[in-house]
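A look at the structure
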Amino acid sequence: MLAHSPENRLLHSGGPLAWPAVLAGPGDGGRDSDDEGEGQTGVVTKTRPKTKKPSLYRVLLLNDDYTPMEFVILILEEVFNKSREDATRIMLHVHNQGVGECGVFPYEVAETKVTRVMDAARRNQHPLQCVMEKQ
């Protein structure tokens, strides 16, 4: 049983394997060779690799002459969690400019949103197009 092993007792009893010795530099056994700084403890630091931020993608709606404006507003509210006012503003921008940005997301999120829009459009027999492009 681990709790009764000699090594475990040494760790908890302040023996030669106590924390200051564990934190000491390699090869010195927890003791300074010149006996200066006796009783000092070191700090173990662990470096973490830098994580790269994911690439972001713009999700865009493309205008067509057949998809009802109300359907586009519903898509923006349901898929992109836009308020009624924001959805109306984006829909009018798509209608007037031919294209409008619904949001900027990491790749997997953008891909899922594009798929949800396209599936809803097809289910409702609308030719609405949604695409994503790297920002």
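Here the structure is a predicted model, which means the values were calculated and not measured.

**Quick word on the confidence of the model for the protein chain**
Scored by pLDDT, the protein chain comes out at a mean of 83, with 72% of its residues at no less than 70. The model gives residues 8-13 a pLDDT under 50, and that stretch makes nine contacts with residues more than four places away or in other chains.

**Some remarks on the packing of aromatic side chains**
Under the definition given, this model contains two aromatic pairs. Between Y57 and Y107 the ring centres are 5.2 Å apart and the planes differ by 70°, which places this aromatic pair in the edge-to-face class. Of the two residues, Y57 is situated in strand β1 (residues 56-62) and Y107 in helix α5 (residues 107-123); the sequence distance between them amounts to 50 residues. Taking the ring centre of F105 as reference, the NZ or CZ of K113 above it sits at 5.2 Å.

**With respect to the pattern of salt bridges**
Inspection of the entire model under this criterion finds five salt bridges. When the shortest N-O distance is used, the salt bridge between E133 and R58 registers 2.7 Å. Note that E133 is positioned in strand β3 (residues 129-134) and R58 in strand β1, a separation of 75 residues in sequence. One salt-bridge network, in which partners are shared between bridges, spans R58, E101 and E133.

**Description of unusual backbone geometry**
Located in the positive-phi region is N81, a residue other than glycine, with phi close to 55°. Turning to its location among the elements, N81 is positioned in the loop between α3 (69-80) and α4 (84-97). If you check the backbone angles, Q125 has positive phi at about 55° while not being a glycine. With respect to the secondary-structure elements, Q125 resides in the loop between α5 and β3. On the accessibility criterion, Q125 (73% relative accessible area) is exposed.

Reading the values: the criteria
Residues numbered from 1 in each chain as written. Predicted model: local features only at pLDDT ≥ 70, side-chain atom pairs only at ≥ 80, totals over all residues. Heavy atoms only, no water. pLDDT = per-residue confidence, 0-100. Contact = heavy atoms within 4.5 Å. Phe/Tyr/Trp six-rings, centres within 6.5 Å; stacked < 30°, edge-to-face > 60°. Helix = DSSP H or I, 4+ residues; strand = E, 2+ residues; numbered from the N terminus. Lys NZ or Arg CZ within 6 Å of the ring centre and 35° of its normal. Salt bridge = Lys/Arg side-chain N within 4 Å of Asp/Glu carboxyl O. Buried < 20%, exposed > 50% of the residue type's maximum accessible area, 1.4 Å probe, protein only.

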